[in-house]
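Analysis of the macromolecular model
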Amino acid sequence: MAAAVDREERRRRVWGTTLLRALVLVATFLALTAFSIALAKVTLTPSPASEDLVRSNLRPGRSLRQYAEDYTFLAACKQAGGNLLLGVPFGILLPILVPRRLRMLRMVALTVTVMVVIELVQGALVPGRAFDIDDAILNTSGALLGYLLVGRRISHRYHLLAEGTTRAEAAREPRPERKIPPKSGTKSEPKSKPTSKLSSKPRTKPKPKPKPKPSSRTKATPVSKAKSKVKSKSKSRSRAATGRGEAGLVASGRALFDRLLTRDR
């Protein structure tokens, strides 16, 4: 029962997070579409009154210098601040749509591409407007500012939410058990049961190995020489004793024979 309840809770969480992700994506896409329409109205509407005054600018910093010299302070802030604000939504919305890896670089690349295309269209097709590289630089700076202030935190939370849902879905799916095949040529041996300390018998001492017999080729030691001398002396004594016994028997036999002869006479 507890396992079923946990599964139901996980499913609810996964469905809730996926729904939240879908809502965030839809809201981001709608906001980006609305901003694109507003940007097109602001930048691509013709202005015939300034057709003779506007010139294309390919040198970075030239328009900014002109704002500081020819414009008033409020007019310069309005012109430069307007270009900065046009790029802020890119820094907030694009990091949510692009992947998490290298999101800042991708956001900057997309912003530069869009702004350069808009400036080219202004200089080629829209009367009263011209291509200005400083406008593209200001728009990109505004995108970076929006990313550092707001977009980084929002995109970080969104991607963490996405990673949490994918991990929950992966944990919900049962993983197949991997069976390790036995190696060829080896038999599976049963695991030996651990013996308790009380039932363990004392180890028997290993039997001493028999000493190797000395070979005939080995040299005789002094002890063996003394033993051989004692044996030879005992043999010579036994031979002398046997010789003496034989001589005594012969002498006794002769004495008996001589006594018998004297009696007969």
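About the criteria used
- Every residue gets a number counted from 1 within its own chain, in the order that chain's sequence is written.
- Only residues with pLDDT of at least 70 get local features here, since the model is predicted, and only at 80 or more are side-chain atom pairs given and counted; chain-wide, interface and lining totals rely on the full set of residues.
- Working from all heavy atoms in the structure, the side-chain values ignore hydrogens and water.
- Without a salt bridge and with relative accessible area above 30%, a residue can belong to a patch; like charges are then joined within 9 Å and nonpolar side chains (Val, Leu, Ile, Met, Phe, Trp, Tyr) within 5 Å.
- Note on areas: these come from Shrake-Rupley sampling with a 1.4 Å probe, and a residue is covered only by the protein chains present in the view.
- Any Lys or Arg side-chain nitrogen located within 4 Å of an Asp or Glu carboxyl oxygen qualifies as a salt bridge.
- By the counting rule applied here, Lys and Arg register as positive and Asp and Glu as negative, while His and the ends of each chain are not counted.
- Here the site of a charge means atom NZ of a Lys, CZ of an Arg, CG of an Asp or CD of a Glu.
- Where helices and strands are cited, they refer to DSSP runs of H or I of at least four residues and of E of at least two residues respectively, numbered from the N terminus.
- Classification of residues uses two cut-offs on accessible area relative to the type maximum, computed with a 1.4 Å probe and protein chains only: under 20% is buried, over 50% is exposed, and between them is partly exposed.
- For the purposes of these results, a polar contact is taken to be a pair of N or O atoms within 3.5 Å, where, inside protein, one atom must be able to donate a hydrogen and its partner to accept one; residues adjacent in sequence count only when each atom of the pair is a side-chain atom.
- Between two residues, a contact is recorded if the distance between any of their heavy atoms is within 4.5 Å.
- Method remark: on a 1 Å grid restricted to protein atoms, a set of points is classed as a cavity if a 1.4 Å probe fits but cannot get out and as a pocket if it is open with protein on both sides within 12 Å along at least five of seven lines; lining residues have an atom within 4 Å of a point.
- Grid points are joined across faces, edges and corners, and a volume is the space filled by probe spheres set on the points.

It is worth spelling out a positive patch on the surface at this point. Among the surface-exposed residues, Arg-7, Arg-10, Arg-11 and Arg-13 lie close enough to one another that they form a single positively charged patch. Within the secondary structure layout, Arg-13 lies in helix α1 (residues 2–44). The exposure class assigned to Arg-13 is exposed, which follows from its relative accessible area of 60%.

What follows concerns the side chain of Ser-155. With respect to the helices and strands, Ser-155 occurs in helix α5 (residues 133–172). In this structure the side chain of Ser-155 is engaged in a polar contact, spanning 3.0 Å, whose partner is the side chain of Arg-103. In this structure the side chain of Ser-155 is engaged in a polar contact, spanning 3.1 Å, whose partner is the backbone oxygen of Arg-152. Other than its neighbours up to four places away in sequence, Ser-155 contacts Pro-95, Ile-96 and Arg-103.

A word on the layout of surface pockets. Rolled over the atoms, a probe with the dimensions of a water molecule shows which regions are left empty. By volume, the largest pocket amounts to about 810 Å³. Considering the residues around the largest pocket, the lining is formed by 31 residues, among which Val-54, Tyr-67, Gln-79, Asp-132 and Asp-135 are closest to the centre. Looking at the lining of the largest pocket element by element, the count peaks at 5 residues for helix α3 (residues 73–97).

Once that is clear, we can look at unusual backbone geometry. You will see that Leu-102, though not glycine, has its phi angle at about 55°, which is positive. In this structure, Leu-102 sits in the loop between α3 and α4 (103–125).

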